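# Examining the three-dimensional arrangement
Next come the chains, spelled out residue by residue.
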Amino acid sequence: MAKPLTLSAALGLIGYVLLPWFGVEYGIFERDWIDAGGLFSPEGASGLLQTPLAGRFYLLLPGAILMFLLGFARLGKPTAGQQRVALGVTLAGLLVTAAPGFLSRWTGLDLPALGVIREPLGYGAMAALASMFFCATTIWSMLGRGNRDAFVVGAIAFIVALIGIFVFYPLAHVLGSAFSPAGGRSGLESAWHTLTGSDLWSVSCWFGGRACGSAVNSLTLGIMTATSTTFLGLAFALLATRTRFPAKRLLRALAVLPVITPPFVVGLALILLFGRAGSVTQFFADLTGMDAGRWFYGIWGVWLGQTLAFTPIAFLVLVGVVEGVSPSLEEAAQTLRADLGATMRSISLPLFKPGIANAFLLGFIESLADFGNPLVLGGSHGVLSTDIYFAVVGAQADAGRAGVLALILLCMTLGAFLVQRQWLGKANYTTITGKGDSGAHAPLSRAHSFLVHAVTVPWLAFTVIIYVMIFYGSVVKLWGLDHSLTLQHYVSAFGVEWTERGLWWNGRAWDSFWTTISLSAIAAPITAAIGLLTAWLLIRQNFFGKATFEFATMLSFAVPGTVVGVSYILAFNAPPVELTGTGIILVLCFVFRNMPVGVRGGVAAMKQLDPSLDEASLTLGANSFQTLRVVILPLLRPAIVAAIAYSFIRAITSVSAVIFLVTADQNMATAYIIGLVESGEYGVAIAYSSVLILVMLVVVTGVQLLFGKRTLRRENRLGQAQGAIAPTPNQAISEAEHVPAR
């Protein structure tokens, strides 16, 4: 215990002495910060130098506590009483270091002598807090908690702290902003006025009126999209597993494409077909002599766009469920003289129930959280996600209204989650027992096969047309007016020129492109690391509150991206944790938005590793950290890479959350493309999207080729029964999409 305690205390002291205690306007590696005095300026001074330079004597206390902890770590075998004293001192240090800044924000007080000041915490304060935090968990384990395993105790506390700070703390700000006074009304009156507004709950469109309220539109779209995507996803799953469809490889390729496609690109392709200047619209206008109107924009256009975008995800969820039904059950039904249709209705479909529930819930949540398609195709029919955006960035900048709308959206998603859990109940759907189960799945009856082909083949052709239109729209000069081929849109976005000073990246999109790639590349391994660490704790450790811990780790997946974006703006735009306008807030958003991907992928892979491997390592004297590092992680390499790849893709395609967090210096590709769409530059927008799709396709293909067939065994003589230790990227995507049903 002495080594980790000494290391934590020493690193905290280094930060206390050498890093700025408060946030500085410029980065510590920037010339401007050095010219302003660096550590020897009152604004940029470290914790140690704050007293002589700024007269902040209270900052001597954190340094004294860190020195105390360093001395405590040098004790040979401290008694239980000494350990309790050290723990109390450490917790007091955490409180006096972090609490004043939050007290200033919540109360509006400004008491510099006591540290209650409106200044963001800097690198030095963060290092000191992290040091005291891990010292506290180490001492807690010394007292006999967590089987005296400092690493396990520290890991659990670390994950809980991260979720508390970056999930629950922002959501609490949404709740607080929803009840803030506005327009001369009290907080409750203001929230009630927004909550009961006709602009949210009007159903006039059901009775011939012009438009329904945005909440009604969101709920209607969610149910429509969830129903259509689940139906189509099940049809495609049956097509891929219960028929002899010849193009199954194409089917699975098209299942991956929408996952790596920016959310609103499908909407752009639909505009090229059905918009005012779209091919289909112009064809019928010329044929009938009628004016080409804006008939496509509205609820039906958004529904079609969402169905195209989210059906492949429903397919990825359902195909594993359909394949997982034991063939012996279907064979038993046929032995009892049930025909193929009756077998499907009475045996197979009831066993598909968990997958259908997962797919429906996922489609509902994705529809509510979708921002790109309603913005591009919604026209005058607003939904909650776009209303939240305009409440934040509009002329009035009404944070209270945004908070109320975010709460409504959150209640809808969590309500759907609870309904799904209630519907599934406690029934057992297990059909794979680990015993030998020979046989083949029952094929579809003639009627079912005809229905499945009649539904899926036209939709498959339509999807292919959509992606052809995406590419074609990027290589014509001006859609609807001039269809001559050109690469000008690509040159405009990604032009490169050789000058006397060297290579000049003169394309308009390069800045946002490299920002997106770099921030996504930073976030992806962090996401995978936190997710896999959480999975290891869930599968290999037993501790108090494990079920609550698991629910908390899954919560961020059920929270719509729009709510996440608003909550981060509200929580981190003011001291003591001020991150707005930096790349850090985008990385954190990606990490905790996509963390469940790493968790579920890690859980799936970890369950395939025999616990006896851990037990053997521990028996030979290794501690839990050494066992994780030397035994578990090498065996999980494919899962790690798959989690990194998928997290990287999710970060690049994210739009609903990051649209609130981007700035001119930290602009993401999706936000930049939306700007191009709003300015009518469809060609450049689609060219940019095509490049992003190509980049992500290369990543997925590379991971599939390098790690898709990795196995534990040296031989594979008995077929695929001795399969891979971790899911391939496609399987990881499918496993990740089961998250909301946990």
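Everything below is about the structure printed above this text.
Along each chain, numbering runs from 1 in the same order as the chain's sequence is written. Selection of residues for local features in this predicted model requires a pLDDT of at least 70, selection of side-chain atom pairs for listing and counting requires 80 or more, and totals for whole chains, interfaces and linings are taken over all residues. Here the side-chain values reflect all heavy atoms present in the structure, with hydrogen atoms and water set aside.

Along its length, the protein chain carries 32 helices and 6 strands. Relative accessibility decides the category of a residue: with a 1.4 Å probe and only protein chains considered, values under 20% of the type maximum give buried, values over 50% give exposed, and everything between is partly exposed. Taken over 742 residues, the protein chain has a buried fraction of 54%. Only heavy atoms enter the contact rule, under which two residues are in contact if any of them lie within 4.5 Å. Nonlocal contacts in the protein chain, meaning residues at least 24 apart in sequence, comprise 74% of its contacts between residues at least 6 apart. Per-residue and other accessible areas were derived by the Shrake-Rupley procedure at a 1.4 Å probe size, with only the shown protein chains allowed to occlude residues. Carbon together with sulfur atoms contributes 64% to the accessible area of the protein chain, which is approximately 34,100 Å² in total. Strands are runs of DSSP state E lasting at least 2 residues, helices are runs of H or I lasting at least 4, and numbering of each runs from the N terminus.

Attention now goes to the pattern of salt bridges. The term salt bridge refers to a side-chain nitrogen of Lys or Arg lying within 4 Å of a carboxyl oxygen of Asp or Glu. Following the criterion strictly, the structure yields 3 salt bridges and no others. A salt bridge links Arg401 to Asp199, with the shortest nitrogen-to-oxygen separation between them at 2.8 Å. Remark: Asp199 occurs in helix 9 (residues 198-201) and Arg401 occurs in helix 20 (residues 399-424); sequence separation between them is 202 residues. Take Asp199: its relative accessible area is 40%, and that puts it in the partly exposed class. Taking the shortest distance from any N to any O, the salt bridge between Glu681 and Arg508 comes out at 2.9 Å. In this pair, Glu681 is assigned in the loop between helix 30 (669-678) and helix 31 (682-707) and Arg508 in the loop between strand 4 (502-504) and helix 23 (510-540), connecting sequence segments 173 residues apart. Exposure remark for Glu681: the relative accessible area of 28% places this residue in the partly exposed category. Note on Arg508: relative accessible area 36%, which makes it partly exposed.

Mapped onto the fold, Ile159 is located in helix 7 (residues 150-178). On the basis of relative accessibility, which here comes to 0%, the residue Ile159 falls in the buried class. Separated by 394 residues in the primary sequence, Ile159 and Thr553 place their C-alpha atoms 8.5 Å from one another. Setting aside chain neighbours within four positions, we find Ile159 in contact with Ile530, Leu533, Thr534, Leu537, Phe549 and Thr553.

Of all hydrophobic cores here, the largest spans 212 residues; its most connected members are Leu270, Tyr568 and Phe592. Here the element with the most residues in this core is helix 14 (residues 299-324); it accounts for 15 residues. If we ignore the near neighbours within four places in the chain, the residues touching Phe592 are Leu162, Phe166, Val167, Ile530, Ser556 and Tyr568. The definition of a nonpolar core used throughout is a set of buried Ala, Val, Leu, Ile, Met, Phe, Trp, Tyr and Cys residues joined through side-chain atoms within 4.5 Å.

For cavity detection a 1 Å grid was placed over the protein atoms alone, and a set of points counts as a cavity when a 1.4 Å probe fits there but cannot get out; an open set counts as a pocket when protein lies on both sides within 12 Å along at least five of seven lines, with lining residues being those that have an atom within 4 Å of a point. Grid points are joined across faces, edges and corners, and a volume is the space filled by probe spheres set on the points. Evaluation of the coordinates by the stated rule reveals 6 cavities of 30 Å³ or more. Computed from the structure, the largest cavity encloses a volume of approximately 520 Å³. Around the largest cavity, the lining comprises 28 residues; the ones closest to its centre are Pro263, Phe310, Glu366, Arg650 and Thr653. Of all the elements in the fold, those that place two or more residues in the lining of the largest cavity are helix 14, helix 17 (353-369), helix 26 (583-606) and helix 29 (637-653). For the lining of the largest cavity, a count of residues per class yields 18 nonpolar, 6 polar and 4 charged. Estimated volume of the second largest cavity: approximately 110 Å³. Phe236, Leu251, Leu254, Ala255, Leu308, Thr311, Pro312, Phe315, Trp459, Leu460 and Thr463 together form the lining of the second largest cavity. Elements that contribute at least two residues to the lining of the second largest cavity include exactly helix 11 (248-256), helix 14 and helix 21 (446-474). Among the elements that line the lining of the second largest cavity, the one with the most residues is helix 14, at 4 residues. Just so you know the grouping, Ala, Val, Leu, Ile, Met, Phe, Trp, Tyr, Cys and Pro go in nonpolar, Asp, Glu, Lys and Arg go in charged, and all remaining residues, Gly too, go in polar. Partitioned by chemical class, the residues of the lining of the second largest cavity number 9 nonpolar, 2 polar and no charged.

Quick look at the packing of aromatic side chains now. Within 6.5 Å between ring centres, the rings of Phe, Tyr and Trp (the latter by its six-membered ring) count as paired, and their orientation is classed by plane angle as stacked under 30 degrees, edge-to-face over 60, tilted in between. Applying the stated criterion across every chain, the model contains 29 aromatic pairs. Both rings, one in Phe133 and one in Phe134, keep their centres 5.3 Å apart while their planes meet at 85°; by these two values the pair is edge-to-face. Exposure remark for Phe133: the relative accessible area of 21% places this residue in the partly exposed category. The rings of Phe102, Trp106, Phe166, Tyr169, Tyr568, Phe572 and Phe592 are connected pair by pair, giving a single aromatic cluster.

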